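Topology and contacts: notes
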Amino acid sequence: MKKLFLSFVTLLFISVSAVKADVIINGIAYQPISDSTAVCHGYVLGETLPWKNVTIRSSIEIDYGEEKKRYTVKCINSMAFYGCEDLVSVTVPSSVDIIGDYAFSGCKNLKEVWLSVGLDSIGNFAFEYTGIENFHIPKSVRHLGAGIFNNCKKLERAELGEGHTRVTHSMFRGCENLEYVFFPVNILTIEGYAFDGCK
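Residues numbered from 1 in each chain as written. Predicted model: local features only at pLDDT ≥ 70, side-chain atom pairs only at ≥ 80, totals over all residues. Heavy atoms only, no water.

This next bit is on the confidence of the model for the chain. Averaged over every residue, the pLDDT of the chain is 87; residues scoring 70 or more account for 87%. Mean pLDDT across the secondary structure elements of the chain bottoms out at helix α1 (residues 2-20), with 37, and peaks at strand β8 (residues 98-99), with 98. The low-confidence segment residues 1-20 (pLDDT under 50) makes 4 contacts with residues lying over four places distant or belonging to another chain. (pLDDT = per-residue confidence, 0-100. Helix = DSSP H or I, 4+ residues; strand = E, 2+ residues; numbered from the N terminus. Contact = heavy atoms within 4.5 Å.)

Now the structure itself:
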């Protein structure tokens, strides 16, 4: 009876650990957070991405032995790719609702970002200090954090989708090569330091 109980406890521990463990796919960590959804934790610290052009997965599948479960990736965590100098381009699928604070901050070689309609929120300083040259924010985005493009010195052109009503604090601060910004007609507020240092 004791042996059977220990086996059950061991099996339970393994199952719970499997749910909580990160799943590493092509050098990028994902983790289930519910029965159907997962988050992207970003690149694994100390490792080099196998390629410079990254596509975030829209879903992951985990084999639990007796069954396989699929999880929809809904979020890119805060600081997920912070300081990842290998990254040159990233594609975010429509399944992702949220890009967290500082998610791509300091990715100095990041030049291209492809966002899909379906994205709802971009966190504070999400793309600061990157090498982005052009950027389009989909109309589905309802929340824009502060300083999203802070000190993106190569940024020349940006377009805000029709759903936006404000330019957030320090949004384009230090973007010294910024030449063109498209605003929707319903912009109501331009917050402090939004264009500070734009030559």
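The buried fraction of strand β3 (residues 37-43) amounts to 6 of the 7 residues, a majority that puts the element mostly inside the structure. As judged from the 5 bridges shared by strand β2 (residues 28-32) and β3, these two strands associate in the antiparallel manner. Across the sheet, residue I28 finds its bridge partner in β3, namely Y43. The loop that links β2 with its antiparallel partner β3 comprises 4 residues. One ladder, built from 4 bridges, connects β3 with strand β6 (residues 68-76); its direction is parallel. Residue pairing across strands places T37 opposite T72, the latter belonging to β6. (Buried < 20%, exposed > 50% of the residue type's maximum accessible area, 1.4 Å probe, protein only. Pairing = 2+ DSSP bridges.)

Moving on: unusual backbone geometry. Most peptide bonds adopt trans geometry, and most residues besides glycine take a negative phi value. With a phi angle near 55°, F125 is a residue other than glycine that sits in the positive phi range. By secondary structure assignment, the location of F125 is in the loop between β10 (121-122) and β11 (134-137). With a phi close to 60°, S170 is a non-glycine residue in the positive phi region. Structurally, the position occupied by S170 is in the loop between β14 (166-167) and β15 (180-182).

Turning to a negative patch on the surface, a few remarks are in order. A cluster of acidic side chains, namely E112, E133, E156 and E179, defines a negative patch on the protein surface. Residue placement: E112 occurs in strand β9 (residues 112-114). (Patch = residues over 30% accessible without salt bridge, like charges linked within 9 Å, V, L, I, M, F, W, Y side chains within 5 Å. Areas by Shrake-Rupley, 256 points an atom, 1.4 Å probe, with all protein chains shown as cover. Salt bridge = Lys/Arg side-chain N within 4 Å of Asp/Glu carboxyl O. Lys, Arg positive; Asp, Glu negative; His and termini not counted. Charge placed at Lys NZ, Arg CZ, Asp CG, Glu CD.)

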